[in-house]
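# Report on the structure
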Amino acid sequence: MVASPALGLDITSIGVITSIFPLCYGCSKFVSGVVGDVLSPSIMLGGGLMATGLVNVAFGASSTLPVFCFLWAGNGILQGFGAPSCAKILTSWFAAKERGTYWGMWNIAHNLGGFAAPILAGTAARTLGWNWGLWAPGIIALSVGLLIILTLKDSPEARGFSPVEHLEGIASLFS
């Protein structure tokens, strides 16, 4: 972590901040799956990504442990919106026989993002100051989230295409 000594965070404080995220993220994935059955997955995905971007920008503008903890918990909750939304979108846009391929692409994208994000954040923090280690990814998240909201539809039917699978065909698989 690239941190400014002026923040006064010791290794225990950093541990507390980073431990909050996986707990909130895991719980959010479950709740988001339930909520995602009611809400638009593209709005949930894009809106969650934009809100995550705002949280990152706010984190970069903050300087106290309680605020850091609150914001990083919010970041975990908001990032938990992603997986259930993507699962619903993938199953709407791709037939069962091709989902493995596209699920694999989605999974590798997740890993590539996990590879690239620390490089981006670390370079921005080292070059421009610790705040930019959060602001740069936050700005990117805001931009990509907006792009998702403006362009991604929940299903092919919402774009005027035929459904990828007809219910009659699926029902015959189970009889």
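Overview of the structure. (Residues numbered from 1 in each chain as written. Predicted model: local features only at pLDDT ≥ 70, side-chain atom pairs only at ≥ 80, totals over all residues. Heavy atoms only, no water.)

In this section: a nonpolar patch on the surface. A cluster of nonpolar residues, Phe30, Val31, Val34, Val35, Val38 and Leu39, forms a patch on the protein surface that exposes about 580 Å² of accessible area. One can find Leu39 in the loop between α1 (11–36) and α2 (41–60). (Patch = residues over 30% accessible without salt bridge, like charges linked within 9 Å, V, L, I, M, F, W, Y side chains within 5 Å. Areas by Shrake-Rupley, 256 points an atom, 1.4 Å probe, with all protein chains shown as cover. Salt bridge = Lys/Arg side-chain N within 4 Å of Asp/Glu carboxyl O. Helix = DSSP H or I, 4+ residues; strand = E, 2+ residues; numbered from the N terminus.)

Taking 1.5 Å of rise per residue, the 26 residues of α1 would be expected to cover 38 Å, and the 37 Å separating its terminal C-alpha atoms lies within 8% of that figure. Along α1, the helix axis deviates most sharply at Lys29, where the bend reaches about 25°. Among the residues of α1, Ser13, Ile14, Ile17, Phe21, Cys24, Ser28, Ser32 and Gly36 are the ones counted as buried. Buried-residue contacts for α1 involve α2, α3 (65–79) and α4 (82–93). (Expected span 1.5 Å × (residues − 1). Bend = angle between axes of the 7 residues up to and from the residue. Buried < 20%, exposed > 50% of the residue type's maximum accessible area, 1.4 Å probe, protein only. Contact = heavy atoms within 4.5 Å.)

What follows deals with helix α5 (residues 99–128). Here α5 contains 30 residues, and its C-alpha end-to-end distance of 42 Å stays within 8% of the 44 Å for a straight helix at 1.5 Å per residue. Those residues of α5 that sit buried are Ala121, Ala124 and Ala125. Looking at the buried side of α5, the elements it contacts are α6 (132–151). Gly129 sits one or two residues past α5 and shows a positive phi near 115°.

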